[in-house]
Amino acid sequence: MKYFALATALAVSITGCSTYDAYTGEEKTSNTAIGASIGASVGAVAAYLANKDEKSGTRNRRILAAAAGGGAIGGGVGYYMDSQEAELRKQLRGTGVSVQRVGDNVNLIMPGNITFGSGRTAIASNFYEVLDSVAVVLEEYDKTLVVVAGHTDSDGSEAFNQQLSEDRAHSVAEYLKVKGINEVRLEPVGFGESEPIASNSTAEGKALNRRVEITLMPATEE
């Protein structure tokens, strides 16, 4: 109950958010469909973290201690995440990855059709370059928690989809680790089919639900 309550509360609290269309380079704003779907996804991540054994303060201190220079984020959290978001938008323009902002968090939506083959857990080779670009930014902005979340559509059994989402999240997290991202920052998690952002009753909706999301959360001193 705690998981769903927190996710719902965060989703409801988001009245609007900024979305970057990587195909057109245009920024779009929606207070309904986009806001609700982003809120649900980030809310699920927040709820997952809240239910982990490790306290957020402990997690953040470990990240800050491992960061270059250590200590708190300089210049303010908002400015730090603004700068990181701007760099990600620049790096990911035209890649098919959407960059979304929810409060002080930055969310990267990676469609399944460009990240993994159908039913597979190995990253598509043509997506390496995209993840390399993400890794470059993450390495520069090293005072953020990186939650890698796998999602599926509702085809197949719930157990299969859960395992598939977990394996895909771990594949992306492991790749980022190999590219130099400190393991202490990486948090892979699979949500299976439980967090759809579109209807599973249509092929288009299923395609949207098959995705990997990377949520970047600032590590702050508490």
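Scroll up to find the structure this text is about.
Conventions and cut-offs
- Residues numbered from 1 in each chain as written.
- Predicted model: local features only at pLDDT ≥ 70, side-chain atom pairs only at ≥ 80, totals over all residues.
- Heavy atoms only, no water.
- Helix = DSSP H or I, 4+ residues; strand = E, 2+ residues; numbered from the N terminus.
- Buried < 20%, exposed > 50% of the residue type's maximum accessible area, 1.4 Å probe, protein only.
- Contact = heavy atoms within 4.5 Å.
- Areas by Shrake-Rupley, 256 points an atom, 1.4 Å probe, with all protein chains shown as cover.
- Axes fitted to C-alpha atoms, helices over the stretch in contact; angles between N-to-C directions.
- Parallel < 35°, antiparallel > 145°, perpendicular 65-115°, else oblique.
- Left-handed = near helix turned anticlockwise from the far one by under 90°.
- Nonpolar A, V, L, I, M, F, W, Y, C, P; charged D, E, K, R; others polar.
- Salt bridge = Lys/Arg side-chain N within 4 Å of Asp/Glu carboxyl O.
- Core = buried A, V, L, I, M, F, W, Y, C linked by side-chain atoms within 4.5 Å.

**Some thoughts on the overall build of the chain**
Next up, step 1: Regarding its fold elements, the chain presents 8 helices and 7 strands.
Next up, step 2: The 222 residues of the chain split such that 48% are buried.
Next up, step 3: Long-range contacts, defined as pairs at least 24 residues apart, comprise 73% of the intrachain contacts of the chain with a sequence gap of at least 6.
Next up, step 4: Here the chain displays about 10300 Å² of accessible surface, and carbon together with sulfur accounts for 52% of that area.

**Notes on the packing of helix α4 (residues 77–92) against helix α6 (residues 128–140)**
Next up, step 1: Relative to each other, α4 and α6 sit at 160°, their axes nearing to 10 Å. On the basis of their axis angle, the class for α4 and α6 is roughly antiparallel. Of the two possible hands of crossing, α4 and α6 adopt the one that is right-handed. Judged by residue contacts, Y80, Q84, E87, L88, Q91 and L92 of α4 engage V130, S133, V134, V137, L138 and E140 from α6.
Next up, step 2: Looking at the contact of α4 with α6 residue by residue, the classes come out as 7 nonpolar, 3 polar and 2 charged.

**Examining the pattern of salt bridges**
Next up, step 1: The final tally for this structure, using the stated rule, is 9 salt bridges.
Next up, step 2: For K206, the salt bridge is made with D155, and the minimal N-O distance between the two is 3.0 Å. Placement of the pair is K206 in helix α8 (residues 203–209) and D155 in the loop between β5 (144–151) and α7 (158–178), with a sequence separation of 51 residues.
Next up, step 3: Taking relative accessible area as the criterion, D155 reaches 39% and is therefore assigned partly exposed.
Next up, step 4: Where E213 meets R211, a salt bridge forms, and the shortest distance between an N and an O atom there is 2.6 Å.

**Some words on the nonpolar core**
Next up, step 1: With 33 residues, the main nonpolar core has L108, M110, V148, V172, L176 and I214 as its most contacted residues.
Next up, step 2: Taken together, the elements giving at least two residues each to this core come down to α4, β4 (105–111), α6, β5, α7 and β7 (211–218).
Next up, step 3: With 6 residues, the single largest contributor to this core is α6.
Next up, step 4: When neighbours within four sequence positions are excluded, L176 is seen to be in contact with L131, A135, L138, V146, V148, I181, L186 and I214.
Next up, step 5: Of all hydrophobic cores here, the second largest spans 14 residues; its members include A44, V147, V189 and F191.

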